[in-house]
Amino acid sequence: MLEHLYHDWRLEDMGLPQDLLRRGFDGNEKVPEYPYRDDGMLVWGALVDFVLDYLKAYYGSDYDVMADEELQNWWAEANS
């Protein structure tokens, strides 16, 4: 029933940088002071750092991530 709504949905497009870019608020030209963008990108950066550190603690390389069958199954399901 809702399949047509999610046909073009991609997990990669759900991040703050992509959202700001899509809406034209990725730079300071249009709105020099935009707390949602400015503070949100600080939080986004902190989350990226946390996730990368977490992954480094459990995976020795990019190959190890690609070889994790459960993780790959989750990614496939999240993008289907």
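Presented here is a report on the structure given in the accompanying data block. (Residues numbered from 1 in each chain as written. Predicted model: local features only at pLDDT ≥ 70, side-chain atom pairs only at ≥ 80, totals over all residues. Heavy atoms only, no water.)

Brief notes about the environment of Asn28
Here is step 1: Mapped onto the elements of the fold, Asn28 is located in the loop between α1 (16–23) and α2 (35–58).
Here is step 2: Judged by its relative accessible area of 47%, Asn28 falls in the partly exposed class.
Here is step 3: Along the backbone, Asn28 and Asp38 are 10 residues apart, and their C-alpha atoms lie at a distance of 9.4 Å.
Here is step 4: Leave out the neighbours within four places in its chain, and Asn28 touches Arg37 and Asp38. (Helix = DSSP H or I, 4+ residues; strand = E, 2+ residues; numbered from the N terminus. Buried < 20%, exposed > 50% of the residue type's maximum accessible area, 1.4 Å probe, protein only. Contact = heavy atoms within 4.5 Å.)

Here's the deal with the packing of α1 against α2
Here is step 1: It is at 10 Å that the axes of α1 and α2 come closest, and there the two elements cross at 155°. With respect to α2, the element α1 is oriented roughly antiparallel. When you trace α1 past α2, the crossing you get is left-handed. Seen from α1, the contacting residues are Leu16, Pro17, Asp19, Leu20 and Arg23; seen from α2, they are Tyr36, Arg37, Gly40, Met41 and Trp44.
Here is step 2: Grouping the amino acids of the contact of α1 with α2 by side-chain chemistry returns six nonpolar, one polar and three charged. (Axes fitted to C-alpha atoms, helices over the stretch in contact; angles between N-to-C directions. Parallel < 35°, antiparallel > 145°, perpendicular 65-115°, else oblique. Left-handed = near helix turned anticlockwise from the far one by under 90°. Nonpolar A, V, L, I, M, F, W, Y, C, P; charged D, E, K, R; others polar.)

Digging into the pattern of salt bridges
Side chains that carry opposite charge are capable of pairing whenever their charged atoms lie near each other.
Here is step 1: The final tally for this structure, using the stated rule, is three salt bridges.
Here is step 2: Its salt-bridge partner being Asp19, residue Arg22 comes within 3.3 Å of it at the nearest N-O pair. Remark: Asp19 and Arg22 occur in helix α1; sequence separation between them is three residues, near one turn of the helix.
Here is step 3: Its relative accessible area of 52% is what places Arg22 among the exposed residues. (Salt bridge = Lys/Arg side-chain N within 4 Å of Asp/Glu carboxyl O.)

Describing the packing of aromatic side chains
Here is step 1: Across all of its chains, the model carries five aromatic pairs by this definition.
Here is step 2: Between Phe25 and Tyr34 the ring centres are 5.0 Å apart and the planes differ by 35°, which places this aromatic pair in the tilted class.
Here is step 3: Judged by its relative accessible area of 22%, Phe25 is partly exposed.
Here is step 4: An angle of 35° between the planes, with centres 6.2 Å apart, marks the rings of Phe50 and Tyr54 as tilted. Remark: Tyr54 and Phe50 occur in helix α2; sequence separation between them is four residues, near one turn of the helix.
Here is step 5: Connected via pairs of aromatic rings, a cluster forms that spans Phe25, Tyr34 and Tyr36. (Phe/Tyr/Trp six-rings, centres within 6.5 Å; stacked < 30°, edge-to-face > 60°.)

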